[in-house]
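Notes for the structure review
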Amino acid sequence: MSIEQLRVAFQGDRGAFSELAVRHWWRGTGEPLPCPTFTSAIDAVVDGRADAAVIPVENRIVGDVHGALDALAAAGIAIRITSHVTVPVQHALLAHDGATLASVRVVRSHPVALAQCGAFLARHGYVTEEAWDTAGAARAVAESGEVQAAA
C-alpha cells in the first residue's frame, strides 16, 4: 500500500524559500504546489487542491511579511497555524555568464529579499525592481537574456 503525499501550497516558483520550508518540514511526505500569490496558496487549501500551505509571516531582518499577513486576514476563514519552521536564507546575486558587479544595472527580486539585501544593493547603485518571487525573478532574468539584469 502506498502512502499518499500531502499537497502543500506555497507562494512562488519552484526553488522559492517557501518550497524549501515545505521540503524541510514534510521531509519527502509533502508534495510542493507552487502558487503565484499568497492568496492563491490559501485558496488552494480552501478549494481542496492542497492539504496545507506554507505562508511566510515574519522575516527576522525586515519584520512582518505584509502581503502574507494581508492574504491571511482577507481569507475570511478560520486559519489554524499548526507549526512553524525557520528557514535560513542566504542570497546570491545571479546574472548571465560574463556579468560583473560593475556591469549589472538592475536587480529583480521579491520585495522582502530586496529589503534584506538593501545595503549591498544601494552600495553598488543598482536599480531594484520588485518581482513576485525570488526564484521566479531568477528564472525570468535567465530567460530574458538581459546581460545587465540580475536576480
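In case you missed it, the structure is sitting above this.
Below is a short write-up of the structure. (Residues numbered from 1 in each chain as written. Predicted model: local features only at pLDDT ≥ 70, side-chain atom pairs only at ≥ 80, totals over all residues. Heavy atoms only, no water.)

Right, let's get into the side chain of His110. By the element assignment, His110 lies in the loop between strand 6 (106-109) and helix 4 (111-116). A polar contact is formed between the side chain of His110 and the backbone nitrogen of Val112, at a distance of 3.1 Å. The residues contacting His110, other than those within four sequence positions of it, are Gln11, Phe38, Ala131, Trp132, Asp133 and Thr134. (Helix = DSSP H or I, 4+ residues; strand = E, 2+ residues; numbered from the N terminus. Polar contact = N/O pair within 3.5 Å; in protein donor to acceptor, adjacent residues only side chain to side chain. Contact = heavy atoms within 4.5 Å.)

Summarising the element assignment, Cys117 is placed in the loop between helix 4 and helix 5 (118-123). The class for Cys117 is partly exposed, based on a relative accessible area of 21%. Sequence-wise, Cys117 and Leu72 are 45 residues apart; in three dimensions their C-alpha atoms are separated by 26 Å. (Buried < 20%, exposed > 50% of the residue type's maximum accessible area, 1.4 Å probe, protein only.)

A word on the environment of His110. His110 gets classed as buried once you look at its relative accessible area, which sits at 15%. The spatial distance from the C-alpha of His110 to the C-alpha of Ala131 is 4.9 Å, given a sequence separation of 21 residues.

The next subject is helix 2 (residues 38-46). Taken together, the buried positions of helix 2 are occupied by Phe38, Ser40, Ala41, Ile42 and Ala44. Gly48 occupies a position one or two residues after helix 2 and carries a positive phi of about 90°.

When you line up the elements, Glu129 lands in strand 7 (residues 127-130). Residues Glu129 and His110 lie 19 residues apart in sequence; the distance between their C-alpha atoms is 8.5 Å. If we ignore the near neighbours within four places in the chain, the residues touching Glu129 are Val106, Val107, Arg108, Ser109 and Leu114.

Attention now goes to the sheet that holds strand 2 (residues 30-35). If you trace the 3 strands from one edge of the open sheet to the other, you get 2-1-3, paired in parallel fashion. Unpaired on one side and paired on the other, strand 2 and strand 3 (52-54) mark the two borders of the sheet. On average, adjacent strands in this sheet sit at an angle of 35° to one another, irrespective of strand direction. Examined bridge by bridge, strand 1 (residues 6-11) and strand 2 share 6 bridges and lie parallel to one another. Counterpart to Ala9 in the pairing with strand 2 is Leu33. Against the sheet, helix 1 (residues 17-26) touches strand 1, strand 2 and strand 3, its axis set at about 150° to strand 1. (Pairing = 2+ DSSP bridges. Axes fitted to C-alpha atoms, helices over the stretch in contact; angles between N-to-C directions.)

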